[in-house]
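# Survey of secondary and tertiary structure
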2 protein chains.
Amino acid sequence: MERVEQHASCGGRQEVWKHASSALGCDMKFGVYLPAQALRGERCPVLYWLSGLTCTEQNFVTKAGAQAHAAAHGVIVVAPDTSPRGKAVADDDAWDLGQGASFYVNATQAPWAAHYRMQDYIAGELPALVERHFAATDARGICGHSMGGHGALVTALRHPGRYRSVSAFSPIVAPSSVPWGRKAFTAYLGPDEEMWSAWDATALIASARERLPILVDQGDADEFLATQLQPERLRDACAAAGHPLTLRMQPGYDHSYYFIATFLGDHFAHHARHASR
Amino acid sequence: MERVEQHASCGGRQEVWKHASSALGCDMKFGVYLPAQALRGERCPVLYWLSGLTCTEQNFVTKAGAQAHAAAHGVIVVAPDTSPRGKAVADDDAWDLGQGASFYVNATQAPWAAHYRMQDYIAGELPALVERHFAATDARGICGHSMGGHGALVTALRHPGRYRSVSAFSPIVAPSSVPWGRKAFTAYLGPDEEMWSAWDATALIASARERLPILVDQGDADEFLATQLQPERLRDACAAAGHPLTLRMQPGYDHSYYFIATFLGDHFAHHARHASR
């Protein structure tokens, strides 16, 4: 594990680390914000952020303004990359498949299965590493944007007891039913759609063993709202299952980091409330 | 004038505009944040932000977290590009000369003099355009980073009465005396160093007709502190002239946008205080 960046930020430190991932079989980078409390050795809860298509660990740490909120709440923030990386790792020329577009699943199909085990990485290897290396408690929250919003919802739903809180911005709530998800799932999981429901938040809600309250913010001027996101599918699934959901439609907001930065403080408050419960 | 980007942000709107600049003889882009008050037609003060070497209008608007502060204070924020642009505009292969590195002067030397009239643009054409097109008052503040910190100080000092307030992050306070500035001034203004003092904040302080209080934040872990920035030169010049200066050395902070984002709220408060005087 090697630190490749460090910057004083909001009384704490924004760092980027590089390490050899055993789950993924390649080198990975992640961003970590350590608030002053963590730098002093006081153990802090951890919020995991999963980014959207084409992102690396950099987008969230440079554009979201998360550090001020993390400092105010005394929370460590971990922002991993969005897929395995490197020349030895399968890729595709399209921006919505392969590197930068893992959809946070464990792939079962060639050529993806060799490295694309992002779910194992996000829910297992990375938290273990973080809790060993930094002044972290095991109070975990998970949040993400678009493909990463899907990732956050699915990761929390698949691992009851592992996260205290979950939230998402503009998530792909029903990947099995929309073009981005269907393309990725066909490649990573194969054409048998029965195998897809274990990776689809809207499908998982029905059988969830834990009713973790979900906070979702969605801009109503989001250019992907009708084609790829369709939050009403999550609303209906939660209503049918009695799963607590706060879905906030934000008038005029689009799919960008300007939207995320505007409402990120509310998500930090949501996660902090559950971390200290 | 054509709007090329718009995003809802913090209750207002982050926009990017493109226009044909007569001062520069080329097309230019600038970012403008319009708080809710301005969108409703209430006239707001304007803060101009000048960015550092290699930047475009994008760096500040995507990385600084300025929108939340601008919304809280009801301030319009204008972030221009750092030089004239385009194939017809002189350039250099080095990142610290030519496009992206105007130093905000009016160049007198070939081949730069044809387009590099950034001071006329920043202090004249751009404010006139902004005050005509948006719900802006003539209460102007100016702020910047590194080369843009130099630009902010020099622009305010050269135009007594035109700005209500000035501040800077990690400014090049004495360009005539440091490598970045000497290289740029030799190219843009020629080898006669007598011509440089009109563009050097530390030199201008002695004869300033207006004693606008200056706020400067400087990280003490800034990689350019000793070679290019040397804030003690500004401190000494202000002390000698009786010019009000608040110079804050920030322990552990570097030259990055993480530093800017950490202390930007204090700069907005400084400018808002003077705008409403």
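Refer to the preceding data block for the structure.
For every chain, the first residue of its written sequence is number 1, and the numbers climb from 1 along that sequence. Here chains are named by letter from A upward and ligands by number from 1 upward, in the order in which they appear as written. Reporting of local features is limited, given that this is a predicted model, to residues whose pLDDT is at least 70; pairs of side-chain atoms are given and counted only at 80 or more, and all residues count toward the totals for whole chains, interfaces and linings. Only hydrogens and water are set aside; all other atoms, that is, all heavy atoms of the structure, feed into the side-chain values.

## With respect to the overall build of chain A
For clarity, the cut-off: Only DSSP runs of H or I reaching four residues or more are called helices, and only runs of E reaching two or more are called strands; each is numbered from the N terminus. Each radius of gyration is computed over the set of C-alpha atoms, and the globule rule expresses the reference value as 2.2 Å times the number of residues to the power 0.38. Between buried and exposed lies partly exposed: a residue is buried under 20% and exposed over 50% of the maximum accessible area for its type, with that area taken using a 1.4 Å probe on protein chains only. In what follows, residue pairs with any heavy atoms lying within 4.5 Å of each other are defined as contacts. With residues, only the protein chains shown are counted as cover, and all accessible areas are computed by Shrake-Rupley using a 1.4 Å probe. All tallies of charge rest on Lys and Arg as positive and Asp and Glu as negative; His and the ends of each chain are not included. A single reference atom marks each charge: NZ on Lys, CZ on Arg, CG on Asp, CD on Glu.
Helix and strand counts for chain A come out as ten helices and nine strands. At 17 Å, chain A has a C-alpha radius of gyration in line with the 19 Å of a compact globule built from 277 residues. Over its C-alpha atoms, taken along the principal directions, chain A stretches across nearly 50 × 40 × 35 Å. Counting over 277 residues, chain A shows a buried share of 61%. Counting only contacts in chain A whose residues sit at least 6 apart along the sequence, the fraction spanning at least 24 positions is 71%. Just so you have it, chain A exposes about 10,000 Å², and 50% of that area is on carbon and sulfur atoms. Considering chain A, the positive charge centre built from 24 side chains and the negative charge centre built from 28 side chains are found 7 Å apart.

## Examining the pattern of salt bridges
Oppositely charged side chains can pair when the atoms bearing their charge come close. Our working definition: Salt bridges are defined by distance alone: a side-chain nitrogen of Lys or Arg within 4 Å of a carboxyl oxygen of Asp or Glu.
Under the definition given, this model contains 22 salt bridges over all chains. The closest approach of N and O atoms between D120 of chain A and R117 of chain A, which form a salt bridge, is 3.0 Å. Here D120 of chain A falls in the partly exposed class, since its relative accessible area comes to 32%. A relative accessible area of 31% means that R117 of chain A is categorised as partly exposed. E15 of chain B serves as the salt-bridge partner of R13 of chain B, at 2.7 Å between the closest nitrogen and oxygen. We classify E15 of chain B as buried; its relative accessible area is 1%. When salt bridges that share partners are traced, they join R3, R13 and E15 of chain A into one network.

## Quick word on the packing of helix α3 (residues 66–73) of chain B against helix α10 (residues 257–275) of chain B
Residue and element names in this part refer to chain B. The condition that has to hold: For helices, the fitted line uses only the C-alpha atoms of the stretch in contact; every axis is such a line through C-alpha atoms, and the angle between N-to-C directions lies from 0 to 180 degrees. Each angle receives one of four descriptions, namely roughly parallel if under 35 degrees, roughly antiparallel if over 145, roughly perpendicular if within 65 to 115, and oblique otherwise. Note on convention: near helix rotated counterclockwise from far helix by under a right angle means a left-handed crossing. Clockwise means right-handed. The nonpolar class holds Ala, Val, Leu, Ile, Met, Phe, Trp, Tyr, Cys and Pro. Asp, Glu, Lys and Arg form the charged class, and all remaining residues, Gly among them, are polar.
In contact at an axis separation of 10 Å, α3 and α10 are set at 30 degrees when each is read in the N-to-C sense. Between α3 and α10, the interaxial angle falls into the category roughly parallel. Where α3 crosses over α10, the two elements pack in a sense that is right-handed. Taking contact as the criterion, the partners of A66, H69, A70 and H73 in α3 are, on α10, L264, G265, F268, A269 and A272. Residues of the contact of α3 with α10, tallied by class, amount to six nonpolar, three polar and no charged.

## Side note on the pairing of strand β4 (residues 44–50) of chain B
All names here are of chain B. Note the cut-off: DSSP bridges decide pairing: two strands pair if at least two such bridges lie between them.
With six of its seven residues buried, β4 lies for the most part within the structure. Pairing of β4 with strand β6 (residues 136–145) involves six bridges; the strand directions are parallel. In the sheet register, V46 faces β6, and the bridge partner there is R140. Across three bridges, the pairing between β4 and strand β5 (residues 76–80) is parallel. Paired with L47 across the bridge in β5 is V77.

## Observations concerning the sheet that holds strand β6 (residues 136–145) of chain A
Residue and element names in this part refer to chain A. The nine strands lie next to each other as β1-β2-β3-β5-β4-β6-β7-β8-β9, forming an open sheet whose pairing is mixed. Of all the strands in the sheet, the pair left with one neighbour each is β1 (2–9) and β9 (245–250). If you compare each strand with its neighbour and ignore which way they point, the axes differ by 20 degrees on average. In terms of strand pairing, strand β3 (residues 26–34) meets strand β5 (residues 76–80) through four bridges, oriented antiparallel. Counted as the bridge partner of Y33 is V77 from β5.

## Quick notes on helix α3 (residues 66–73) of chain A
Residues and elements named next belong to chain A. To be explicit about the condition: Here, the arc refers to the directions that run from the helix axis to the C-beta atoms.
Among all positions of α3, only A66, Q67 and A70 are buried. Seen from one end, α3 has its buried residues packed into an arc of 95 degrees, which puts them on one side. Just beyond α3, the residue with positive phi is G74, at close to 65 degrees.

## With respect to the sheet that holds strand β9 (residues 245–250) of chain B
In a beta sheet, neighbouring strands pair by backbone hydrogen bonds and run either parallel or antiparallel. All names here are of chain B. In spatial order, the strands read β1-β2-β3-β5-β4-β6-β7-β8-β9; together these nine strands make up an open sheet with mixed pairing. Of all strands in the sheet, those with a lone pairing partner are β1 (2–9) and β9, marking the two edges. Averaged over all neighbouring strand pairs, the angle between strand axes comes to 20 degrees, with direction disregarded. Packing against the sheet, helix α5 (residues 147–158) makes contact with β4, β6, β7 (165–169) and β8 (214–219), and its axis sits at approximately 140 degrees to β6. Lying on the sheet, α10 is in contact with β4, β5, β6, β7, β8 and β9; it crosses β7 at an angle near 170 degrees.

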